[in-house]
Structure formats: structure tokens, C-alpha cells
Amino acid sequence: MNSHTSTPSSLDADVLAALQAWQGRSETLHDEITAAPLRALSATLDRDDAAPDAGTRLPELWHWLCFLPHHRQSEIGPDGHARRGGFLPPVPLPRRMWAGGRLAWEAANPLRVGDAVRRVSTIASVTHKAGRSGALVFVCVRHEVHNAQGLALTEEHDIVYRAAAADEAAPAPTPAPADAAFSRTVVPDDVLLFRYSALTFNGHRIHYDRRYVTEVEGYPGLIVHGPLIATLLVDLLRRERPDAVLSHFEFRAVRPTFDTAPFRLHGRPEADGKTFLLWGEDADGWLTMSATATLA
């Protein structure tokens, strides 16, 4: 999410048409999967993993340590995000959230330490709808990640832009399911959020700057990164099924999670034995993220 500025709460047809003209735009980035960030994420997730060597398979969602945005300091806005422009369409709404995504891995071609990787990203769609507080714009970005052997991963990343201020009445929360087969409690302290921000080169101040997030954005505490919660949900499944390899993962952010109290992660298998429902629950018992993981 971005800090609010003076922007319209609705979009006229010309603005929407201009944004939809970005559909089909693409960019290609190159990177290399190295061991050091993997060791750091393992420590951040409180795992006792063996040190990764060349050829070690990359755990699911850990590719988010690659292809990081490297904006110059002069290109950063007051909220710690890069100023508008570049690859994503310049949506004139002040708040941006990673709303969810869908991922599919090529089982015969896993990403590994030492791989030179290429990501081709395309603006798949730009859609608009009217929310309770004004306009909502949804941008879907499709990523295809390749290594020397070919396609390894396809990901659709959903971003929502909205006009609402933090003090707007929140929609009615959804109670978290009560039928978990396995669970874990996470304490989202400042250090955890700072380490994940550093690992993903995420300067957004809502995740580490308490004065900013409470006094400027108006939230009750630091906001736990959506991708971190998704990563922790997959990590929960890995703790329950250490040999699990995923073919698909889908997740949706439902409600912000703050660092003001511990939160819970839950999971349970479906009858087919290959599908797992995963979800996050805040200290008040509300659903914060829902996800589905399918084993290869």
C-alpha cells in the first residue's frame, strides 16, 4: 500500500482507457540464484536448514528474493516506494496492495542455486470497479521465469490500487476456519519485518517505520508483508510435510496483519491427499489470508 495523496476517488473513461493501453506491455529481467539470500531467509523464517550449495532446489516462493527492484535513492517517494512510472501503469490512486497471486511450477525443471534466470513480465490485464470508498483498479502481471533448461515457473501477480484512507470503516471481517489439522504461532516483531524488508529490498515504510505507519498512514502498527505471510504459509506446509514439492499455489490477501499481536498460521489436507488449504488468522480470530497448495 502507498501513502495517500490528493487523488480522485473515481476514474473517468479516458483515464481508464489510458491505463488499459498498458495491457500487453512487457519487460525482461535477468538475475542469478545465489546461496547468501537463501541462508538469510532461512534464518529469518527460523529454520535450521543445511547450507545451500550449487544445485540446491529453490523452495517454493523463495524466488521472490530474485529480480528485486533497484531504484536509485532519488527515485524513492516519501512512503519508501518508488515514485510512479516505469513498467507498471501509472494508476492515479494512492494505495497499492499485493492482493494475491497464482503460481505454477514445472516439476521437471525446478529452479536451483547457481541458475542464471530470466523473468519475462507482461501486464496481463487492467480492470476497474467501484468499491465502497471509490474506484478500485486491479492490475494482473504475468511472470514467466526461465533457466537454462527453459520455463521453470509461471506466476500471476494481482495488485489492487484503491482510494480509501486508513481511517475508513473496514469491511466486515471473515472468521477464520476452525478445522485446522496443523498450526503455528508467529510473533511479528520489528526485527522479523525489517529483515524481510531488507531481503526483498522493500523500502515501503509501513513495514518498519512505526512513527510513519501510525502518524502518517493512520494504522495501529507495522503491517506484516503479504508475501511474507504467503511464504510462511508454504513454510508451515514444509514443516508438516518436509518432502513436499508444490505444483501450484494460489493465495489471496483478505485483511491486513499488524505487528501488535501474534498471529496464527493454519493448514489442513483435502480428501485427495494432494491439496492443502492454508490460512492466516489474526489475534482477534479473523481470516487474514487464504491459500491453496497442490503437491506435485
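Please read all numbers here as calculations on a predicted model, not as lab measurements. (Residues numbered from 1 in each chain as written. Predicted model: local features only at pLDDT ≥ 70, side-chain atom pairs only at ≥ 80, totals over all residues. Heavy atoms only, no water.)

Draft legend 1. Highlighting the pairing of strand 6 (residues 182-186). Residue alternation in strand 6 divides its side chains into a buried set, F182, R184 and V186, and an unburied set, S183 and T185. Note: strand 6 against strand 8 (residues 263-269), 5 bridges, orientation antiparallel. Bridge assignment links T185 to a residue of strand 8, and that residue is R264. (Buried < 20%, exposed > 50% of the residue type's maximum accessible area, 1.4 Å probe, protein only. Helix = DSSP H or I, 4+ residues; strand = E, 2+ residues; numbered from the N terminus. Pairing = 2+ DSSP bridges.)

Draft legend 2. Structural detail: the packing of aromatic side chains. The final tally for this structure, using the stated rule, is 5 aromatic pairs. For the ring pair Y219 and F258, a centre distance of 5.9 Å and an interplane angle of 40° mean the geometry is tilted. A residue pair is termed long-range when its members are at least 10 positions apart, and Y219 in the loop between helix 4 (210-216) and helix 5 (226-240) and F258 in the loop between strand 7 (246-253) and strand 8 qualify at 39 residues. What makes Y219 buried here is its relative accessible area of 10%. (Phe/Tyr/Trp six-rings, centres within 6.5 Å; stacked < 30°, edge-to-face > 60°.)

Draft legend 3. Focus on unusual backbone geometry. One non-glycine residue, D46, lies in the positive phi region at around 60°. Mapped onto the secondary structure, D46 falls in the loop between helix 2 (35-44) and strand 2 (95-105). Positive phi, close to 55°, is recorded for F67, a residue that is not glycine. Of note, F67 is situated in the loop between helix 2 and strand 2.

Draft legend 4. Structural detail: the packing of helix 2 against helix 3 (residues 190-199). Packing of helix 2 against helix 3 leaves a shortest axis separation of 10 Å and a crossing angle of 160°. Relative to helix 3, the element helix 2 is oriented roughly antiparallel. Relative to helix 3, the crossing made by helix 2 is left-handed. Across from P37, A40, L41, A43 and T44 in helix 2, the residues of helix 3 making contact are L192, R195, Y196 and L199. Across the contact of helix 2 with helix 3, the residue classes break down as 7 nonpolar, 1 polar and 1 charged. (Axes fitted to C-alpha atoms, helices over the stretch in contact; angles between N-to-C directions. Parallel < 35°, antiparallel > 145°, perpendicular 65-115°, else oblique. Left-handed = near helix turned anticlockwise from the far one by under 90°. Contact = heavy atoms within 4.5 Å. Nonpolar A, V, L, I, M, F, W, Y, C, P; charged D, E, K, R; others polar.)

Remember, this is a structural readout, not a statement about activity or role.
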